[in-house]
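# Close look at the chain arrangement
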Amino acid sequence: MPRVLIAGEDIPGSVGISFADAFRSLGWTVDYFPLSAAGATHSGLLARARARLASRIDEATVDRRLAAEAQRLNPDLSLVIKGHRLSAETISTMRRASSRGVANFYPDDPFSAAAVNRVSIEALREYSSCFIFAEHLLPAYKSAGVKQAHYLPFARDPGLHAPPQDPKPEFDAVFVGNLDRDRVAWLESIADYKLAVFGHQTKSAIPPRSRLNEARFFRPVFGRDLAEALGRGRVSLNFMRRQNSGSHNMRSFESPACGAFTLSQRTPELTQLFADGVEIDTFATTQELRDRLAGSLSDPGRRRRIADNGFRRVEHDTYARRAETILSHMV
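In what follows, the accompanying structure is described.

## A closer look at the pairing of strand β10 (residues 233-238)
Among the 6 residues of β10, 5 are classified as buried, and the element is accordingly described as predominantly covered. Bridge count between strand β7 (residues 171-176) and β10: 4 bridges; the pairing is parallel. Within β10, the residue paired with Val174 across the bridge is Ser236. Across 3 bridges, β10 lies against strand β11 (residues 262-265) in parallel orientation. Paired with Asn238 across the strands is Ser264, a residue of β11.

Here you go:
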């Protein structure tokens, strides 16, 4: 039985865990090495800052241990999810220890100015193959000297993302995710509707006299809880972070997979992946967001048709299929 060593975050709903389940479904033995995700599930700003400081102190230890684990296991394949703080030396060690090499899947922009996303060019060059969710980033990989770079969209994890048994929509729209200035502006434009927001520190991101303070705020949801949260709304809202503004995000696949009618911020890549007005609805301006939301709320039959089409679109677009794509490039 072939063996894969996967290094990724060890939190519910993480891409690494979904890939681990995917490889198991393909008959592989999986060894999972948790990269530090300290601070990811802390809700207090101070607690998250302390956790991240502790994480940075431990980075060198994690790096050494991962290299040693690869040498001990000698897997057929190694796969790193993000791994932005791993050294080039460790990746080189993993490549030599793995008969089919070491692959990287990057779920963010590795060339971002944000330290939380940025990876060293030297580290990227050490991978046998790199896979990126955003097609428009492929030229940057080539410019960085990465010899093998491939487009690999996000996907659905069937163990996590499926329509809930008995959804009870109580809100006009639900948004799941952390808030930033852009997302607050989108939500403020529809604050006269009945809204629910699930995420970290959401309330503190809203101006004191904003109409958005009238929305309902809930704790973050992960894994299987996502479908239940989305089922509480008639509409599932999807806003892109700036780094995703030309592509798509994880929720692009997860929301339709949960059976939700998805109203998403439009991007060039998203409308290549999904048929607008057929499998999802999209918007590009606050007025268009208001118009699309009002229209969808007034037509439950159309919402149901689009939600059903969206689910059929992603039903078989799973991380197992993405794992097969990775394997096809790792020879």
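## Describing the pattern of salt bridges
Working definition: two side chains of opposite charge can pair if their charged atoms are close together. Under the counting rule described, the total for this entry stands at 22 salt bridges. With its nearest N and O atoms 2.8 Å apart, the salt bridge here joins Asp180 to Arg241. Linking Asp180 in the loop between β7 and α6 (181-188) with Arg241 in the loop between β10 and α8 (250-257), this pair joins segments that are 61 residues apart in sequence. Taking relative accessible area as the criterion, Arg241 reaches 31% and is therefore assigned partly exposed. Between Arg292 and Asp281 there is a salt bridge, with its nearest N and O atoms 3.3 Å apart. Residue Arg292 is located in helix α10 (residues 286-297), and its partner Asp281 is located in strand β12 (residues 281-283); the two are separated by 11 residues in the primary sequence. A relative accessible area of 0% places Asp281 in the buried class. Salt bridges sharing common partners tie together Arg266, Asp276, Asp281, Glu288, Arg292 and Arg302.

## Here's the deal with α6
Inspection of α6 places Arg183, Val184, Trp186 and Leu187 among the buried residues, and these make up the whole buried set. When α6 is viewed along its axis, its buried side chains cluster within an angular range of 160° and face the same direction. Considering only its buried residues, α6 is in contact with β7, β8 (195-198), β10, β11, β12 and α10. Put simply, Asp180 is the residue that caps the front of α6, since its side-chain oxygen is 3.2 Å from the backbone nitrogen of Asp182.

## Details of the nonpolar core
Within the largest apolar cluster, 59 residues are counted, with the highest numbers of intra-cluster contacts made by Ile6, Phe19, Phe23, Leu66, Leu79, Phe105 and Ile326. When neighbours within four sequence positions are excluded, Phe23 is seen to be in contact with Val4, Ile6, Trp28, Val30, Leu77, Leu79, Ala323 and Leu327.

Cut-offs and rules
The residue count restarts for each chain, going from 1 along the sequence in the order it is written. Local features in a predicted model are, by the rule used here, given only for residues with pLDDT of at least 70; side-chain atom pairs are given and counted only at 80 or more, and totals for whole chains, interfaces and linings are based on all residues. Hydrogens and waters are ignored; side-chain quantities use all the structure's heavy atoms. When a residue's accessible area, from a 1.4 Å probe over protein chains only, is under 20% of the maximum for its type it is buried; when over 50% it is exposed; and in between it is partly exposed. Here a helix means four or more residues in a row that DSSP labels H or I, a strand means two or more in a row labelled E, and each is numbered from the N terminus. Should DSSP find at least two bridges between two strands, the strands are taken to pair. The working definition used for a salt bridge is a side-chain nitrogen of Lys or Arg within 4 Å of a carboxyl oxygen of Asp or Glu. Working note: the arc is built from the helix axis to C-beta atom directions. Should any heavy atoms of two residues lie within 4.5 Å, those residues are counted as being in contact. Counted as a polar contact is a pair of N or O atoms within 3.5 Å, where, for protein atoms, one must be capable of donating a hydrogen and the other of accepting one, and residues adjacent in sequence contribute only when both atoms are in side chains. Residue types Ala, Val, Leu, Ile, Met, Phe, Trp, Tyr and Cys, when buried and joined through side-chain atoms within 4.5 Å, form a set referred to as a nonpolar core.

Function cannot be inferred from these measures alone, as they are strictly geometric.
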